[in-house]
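Take a look at the letters that make up each chain.
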Amino acid sequence: MSEQNRDPAVPEKIVTDETEQSKEKPFGHFTRRTFIAQLGAAGIAATATPSLAAAATQEAAAPSAREETIAVTLSINGKKQTLNVEPRVTLLDCLRERLNLTGTKKGCDHGQCGACTVHINGRRVNSCLTFAAMHEGDEITTIEGIGQPGNLHPMQAAFVEHDGYQCGYCTSGQIMSAVAVLKEPWGPEDKDVREAMSGNICRCGAYPNIVAAVHQVRGNSQKSS
Ligand code: FES
Ligand code: FES
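Here the structure is a predicted model, which means the values were calculated and not measured.

A.B. asks: Could you clarify how one ought to interpret the overall build of the protein in this entry?
C.D. replies: For the protein, the helix and strand inventory stands at nine helices and seven strands. The buried share of the protein, reckoned over its 225 residues, is 31%. Long-range contacts, defined as pairs at least 24 residues apart, comprise 52% of the intrachain contacts of the protein with a sequence gap of at least 6.

A.B. asks: What is the right way to read the pattern of salt bridges from this model?
C.D. replies: If charged atoms from side chains of opposite charge come close, those side chains can pair. As enumerated under the stated definition, the model contains five salt bridges in all. Two residues, Glu-86 and Arg-88, come together in a salt bridge whose shortest N-O distance is 2.7 Å. Assessed through its relative accessible area of 58%, Arg-88 is described here as exposed. For the salt bridge of Arg-124 with Glu-184, the shortest nitrogen-to-oxygen distance reads 2.8 Å.

A.B. asks: What is the right way to read helix 6 (residues 154-161) from this model?
C.D. replies: Count 3.6 residues to each turn of an α-helix, and residues three or four apart come out pointing the same way. Listed in full, the buried residues belonging to helix 6 are Met-155, Gln-156, Ala-158 and Phe-159. The buried residues of helix 6 all sit within an arc of 160° when viewed along its axis, so they share a single face. Residues of helix 6 that are exposed and point more than 90 degrees away from the buried face comprise Pro-154 and Glu-161. At the exit of helix 6 stands Asp-163, carrying a positive phi of roughly 55°.

A.B. asks: Mind showing me how you'd approach the pairing of strand 3 (residues 70-76) here?
C.D. replies: Successive residues of a regular strand alternate their side chains across the two faces of the sheet. Sheet topology places strand 3 next to strand 4 (residues 79-85); seven bridges connect them, and they run antiparallel. The partner of Ile-70 across the bridge, within strand 4, is Val-85. The turn linking strand 3 back onto strand 4 is made up of two residues, and Asn-77 within it adopts a positive phi angle of 50°. When strand 3 meets strand 7 (residues 139-141), the two strands line up parallel, connected through two bridges. Across the sheet, the residue bridging to Ser-75 is Glu-139, located in strand 7.

A.B. asks: So what exactly am I meant to see when it comes to the packing of helix 6 against helix 7 (residues 171-181) here?
C.D. replies: Between two packed helices, what matters for the description is the angle formed by their axes and the separation of those axes. Running from N to C, helix 6 and helix 7 cross one another at 125°; their axes reach a closest spacing of 9 Å. The orientation of helix 6 relative to helix 7 falls into the category oblique. When you trace helix 6 past helix 7, the crossing you get is right-handed. From helix 6, Met-155, Gln-156 and Phe-159 reach across to helix 7, where they touch Thr-171, Gln-174, Ile-175, Ala-178 and Val-179.

A.B. asks: Help me out: how do you make sense of a nonpolar patch on the surface in this one?
C.D. replies: Together, Leu-152, Val-160 and Tyr-165 make up a nonpolar patch on the protein surface, roughly 250 Å² of accessible area in all. You can see Leu-152 is positioned in the loop between helix 5 (143-146) and helix 6. Residue Leu-152 is classed as partly exposed on the basis of its relative accessible area, which comes to 41%.

About the thresholds
Residues numbered from 1 in each chain as written. Chains lettered and ligands numbered in written order. Predicted model: local features only at pLDDT ≥ 70, side-chain atom pairs only at ≥ 80, totals over all residues. Heavy atoms only, no water. Helix = DSSP H or I, 4+ residues; strand = E, 2+ residues; numbered from the N terminus. Buried < 20%, exposed > 50% of the residue type's maximum accessible area, 1.4 Å probe, protein only. Contact = heavy atoms within 4.5 Å. Salt bridge = Lys/Arg side-chain N within 4 Å of Asp/Glu carboxyl O. Arc of directions from axis to C-beta. Pairing = 2+ DSSP bridges. Axes fitted to C-alpha atoms, helices over the stretch in contact; angles between N-to-C directions. Parallel < 35°, antiparallel > 145°, perpendicular 65-115°, else oblique. Left-handed = near helix turned anticlockwise from the far one by under 90°. Patch = residues over 30% accessible without salt bridge, like charges linked within 9 Å, V, L, I, M, F, W, Y side chains within 5 Å. Areas by Shrake-Rupley, 256 points an atom, 1.4 Å probe, with all protein chains shown as cover.

Printed below as a string of structure tokens:
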């Protein structure tokens, strides 16, 4: 721009900067300036705490994931419930987060501890390893469905009697497994009960008392059958 054509209202310095900007060579579809700005933003994202980065990822993924749901009707502790669930929701999360049945515990969430044990059509299952959407029409029984305060299942009463727990976190899973064992063909020895219950881990180490409780109820149920 010649000195003659310059707008006198515009300071000379700005005119000089604009001229320098116009000389920037494009880098792909970026200019040098926008490329550096975006590189800086990427650097900030890379050094952000993992939780912030994860939150950003989840936020980005959330809308499409939320849109896709499946209607499923489950019979939970004898009561039919129809829910819209995302296909990726485990039965454990469905029970705890959607139905507020928090007696079923999440320990490992990987099928290794047994804290999440429930009964599906009478058989014990780790509810963290199965999707809620797979159980259309199935009968699901949780710890809330086998007994309540004042009306305990004999296995719950035996756990109380034998101190079969300390912190109690594993206990609902232990009891659900123990109730299932009553209908399974295990031998009568300690080692048989230990093996039958080996999928249920107790970090407090209450195993001798758990075995005693199971023996008591098995003995009682055998006598009464
Ligand atoms: S939470 Fe399901 S097996 Fe541990
Ligand atoms: S009672 Fe604490 S983990 Fe079993």
